[in-house]
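Report on the structure
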Amino acid sequence: VTEEDKTACAGYIMSECRRLSNLSRQLLELAALRGEEMVWEKIPVRHLFEAVGYTMRSKAEKRGITITFQPELDVLTGNRELLESLLINLIDNSIKACESGGRIRVSAFAEGKKAVLCVSDNGRGIPAEELPRVKEAFYRVDKARSRESGGTGLGLSIAQEIIRQHEGSLSLVERSGPGTTLRMELKREGPKG
């Protein structure tokens, strides 16, 4: 076997190890979410966005992608760690969907008695025929690209479970142009509000 072949094989093995490690972590996260009692608290949206921005900006900048945060809501009620994980997960999906020069917008606003979080990007979008299946566990729209980037197809299943724990809803907003917008509706006052 040539040195080039050894290097190529080692690269493939490392890639698969990362993918399986990511899969194991996400399966454990999903199982933990389903059995966990949630702690509710009032969360300043600006602080939530700062924490998520701190985690994701470097990854986005390396890909030439800009993230903007628009907190038009002061406070929402929920679990801070789960909502951070939710936004990080969705922003990570958006980064994978965008090319260099892409833009991601994360917003929070009030709509009646609901708090609404939206993550929008101008990436490649999701074909209409794929929309009904994207929240299914292990389903990946772009199988080849997902495998390259370590995707497991569990991201939106985890997001859906986090939203379910918050007694809310997650939907994909239909768009006329490229990109994807995910909309999450939560109760503004939590479980007793």
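Above this text sits the structure in question.
Residue positions are counted from 1 within each chain, in the order its sequence is given. For this predicted model, a pLDDT threshold of at least 70 governs which residues receive local features, and a threshold of 80 or more governs which side-chain atom pairs are given and counted, while totals over whole chains, interfaces and linings are taken from all residues. The basis for every side-chain value is the complete set of heavy atoms in the structure, and neither hydrogens nor water enter the calculation.

A few words now on the overall build of the chain. Every helix listed is a DSSP run of H or I at least four residues long, and every strand listed is a run of E at least two residues long, numbered separately from the N terminus. Within the chain one finds five helices and seven strands. Counting helices and strands in the order they occur from the N terminus, the chain gives α-β-α-β-β-α-β-β-α-α-β-β. Residue pairs in contact within the chain that sit at least 24 positions apart in sequence constitute 71% of those at least 6 positions apart. All accessible areas in this document rest on Shrake-Rupley with a 1.4 Å probe, and a residue is counted as covered only by the protein chains that are shown. Of the accessible surface of the chain, which amounts to about 10,800 Å², a share of 52% is contributed by carbon and sulfur atoms. Contacts between residues were defined by any pair of non-hydrogen atoms, one from each residue, lying within 4.5 Å.

Any helix carries an expected span of 1.5 Å times its number of residues minus one. The end-to-end C-alpha separation of helix H2 (residues 45–62) is 26 Å, in line with the 26 Å expected for 18 residues at 1.5 Å each. Along its length, H2 shows its largest kink, about 40°, at Met-56. Val-45, Leu-48, Phe-49, Val-52, Gly-53, Met-56 and Ala-60 are the residues of H2 that are buried. The secondary structure elements touched by the buried residues of H2 are strand E1 (41–44), strand E2 (66–71), strand E3 (75–78), helix H3 (80–97), strand E4 (103–111) and strand E5 (114–121). Directly after H2, the chain includes Gly-64, whose backbone phi takes a positive value near 75°. What the bend at a residue measures is the angle between two axes, fitted to the seven residues ending there and to the seven starting there. The buried label applies to any residue whose accessible area, calculated with a 1.4 Å probe on protein chains only, is under 20% of its type's maximum; exposed applies above 50%, and partly exposed to all values in between.

Turning next to the nonpolar core. As used here, the term nonpolar core means buried Ala, Val, Leu, Ile, Met, Phe, Trp, Tyr and Cys residues forming a set that is joined through side-chain atoms within 4.5 Å. Judged by nonpolar contacts, the single largest core of 36 residues is most densely connected at Phe-49, Leu-76, Ile-91, Ile-104 and Val-106. Elements represented by at least two residues in this core include exactly H2, E2, H3, E4, E5, helix H5 (155–165) and strand E7 (180–187). Broken down by element, this core gets its largest block of residues, seven residues, from H3.

Before going further, it helps to spend a moment on the sheet that holds E4. Here, a strand pair is defined by DSSP locating no fewer than two bridges between the strands. Here five strands make up an open sheet; going across it, the order is E2-E4-E5-E7-E6 and the pairing mixed. Here the strands that pair on one side only, and so sit at the sheet edges, are E2 and strand E6 (169–173). Along the sheet, successive strands turn relative to each other by an average axial angle of 15°, direction set aside. Across six bridges, E2 lies against E4 in parallel orientation. Across the sheet, Thr-66 pairs through a bridge with Arg-103, a residue of E4. Lines fitted to C-alpha atoms define the axes, with helix axes restricted to the stretch in contact, and inter-axis angles between N-to-C directions lie between 0 and 180 degrees. Seen against the sheet, H2 touches E2, E4 and E5 and runs at an angle of roughly 175° to E2.

On to the pattern of salt bridges, then. Just to be clear on terms, a salt bridge is a Lys or Arg side-chain nitrogen sitting within 4 Å of an Asp or Glu carboxyl oxygen. On inspection of all chains with the given rule, the structure shows nine salt bridges. Asp-92 is the salt-bridge partner of Lys-96, the closest N and O atoms lying 3.2 Å from each other. Here Lys-96 pairs with Asp-92, and both are found in helix H3, just four residues apart, close to one helical turn. Residue class for Lys-96 comes out partly exposed when judged on its relative accessible area of 21%. Overall, the relative accessible area of 15% leaves Asp-92 in the buried class.

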